[in-house]
Amino acid sequence: MKGFISRYFSNHSETNEHHKDEQLVTHYYKAKHDDLFRAVEELFPSPSEVAATSKERGEITVKYKGKRRAFIVATVIMVRPYRTAVDFSVTTDSGGPVDFGFSRNLIIQFYRKLDSEFSRIDPS
């Protein structure tokens, strides 16, 4: 019940290594850091605005403008050569305390796009 409530009655979702929701577990790809970083940047076409990028820290900060507005931080970290992790943190600007799963679904959409472009690998 708590998982259902946190999934749909929140305005924030983020991924991590050991997330309870399998779809929000960090994804690892067999790819170079620069290639994956560029692909993540391309997930945010106009009218969204990339507010800041830091290749050294692997962070991309975005003011997302789609069906709803959101603030997104994408993190791309090379763990080993050809093993790169991608995490997302999404906070919707819905004007209220809930987004009915929009932030979660946005992360899932981003991962699906990256999964179609890069080979996903086991994190171990």
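Here the structure is shown first, and the text comes after it.
What counts and how
Per chain, the residues get numbers from 1 upward, laid out in the order the sequence is written. Given that the model is predicted, a residue must reach a pLDDT of at least 70 before its local features are reported, and side-chain atom pairs must reach 80 or more before they are shown or counted; all residues, however, enter totals for whole chains, interfaces and linings. Only hydrogens and water are removed before side-chain values are computed, so all heavy atoms of the structure are retained for them. Secondary structure elements follow DSSP: runs of H or I no shorter than four residues count as helices, runs of E no shorter than two count as strands, and numbering proceeds from the N terminus. Per-residue accessibility, obtained with a 1.4 Å probe over protein chains only, is compared with the maximum for each type, and a residue is labelled buried under 20%, exposed over 50%, and partly exposed between these values. Whether two residues touch is decided by their heavy atoms; if any such pair falls within 4.5 Å, the residues are in contact. Each pair of aromatic rings taken from Phe, Tyr and Trp, with Trp reduced to its six-membered ring, is defined by centres within 6.5 Å and is described as stacked if the planes are under 30 degrees apart, edge-to-face if over 60, and tilted in the remaining cases.

Enquirer: Would you mind going over the environment of Leu114 with me for this structure?
Expert: In this fold, Leu114 is placed in helix α3 (residues 102–117). Given a relative accessible area of 0%, Leu114 falls into the buried group. Sequence separation between Leu114 and Ala39 is 75 residues, and the spatial gap between their C-alpha atoms is 7.4 Å. Once you skip the residues sitting within four places of it in the chain, Leu114 turns out to touch Tyr29, Leu36, Ala39, Val40, Leu43, Val86 and Phe88.

Enquirer: Any chance you could explain the packing of aromatic side chains here in plain terms?
Expert: Where two aromatic rings form a pair, the distance of their centres and the angle of their planes describe that pair. According to the stated counting rule, one finds 5 aromatic pairs in the structure shown. Between the aromatic rings of Phe88 and Phe110, the centroid separation amounts to 5.2 Å while the plane-to-plane angle is 40 degrees, which identifies the pairing as tilted. Taken together, the residues span a long stretch of sequence, with Phe88 in strand β6 (residues 83–92) and Phe110 in helix α3 at a distance of 22 residues. Like Phe110, Phe88 is buried. Connected via pairs of aromatic rings, a cluster forms that spans Phe44, Tyr64, Phe88, Phe110 and Tyr111.

Take it as geometry only, folks, not as evidence of what the structure does.
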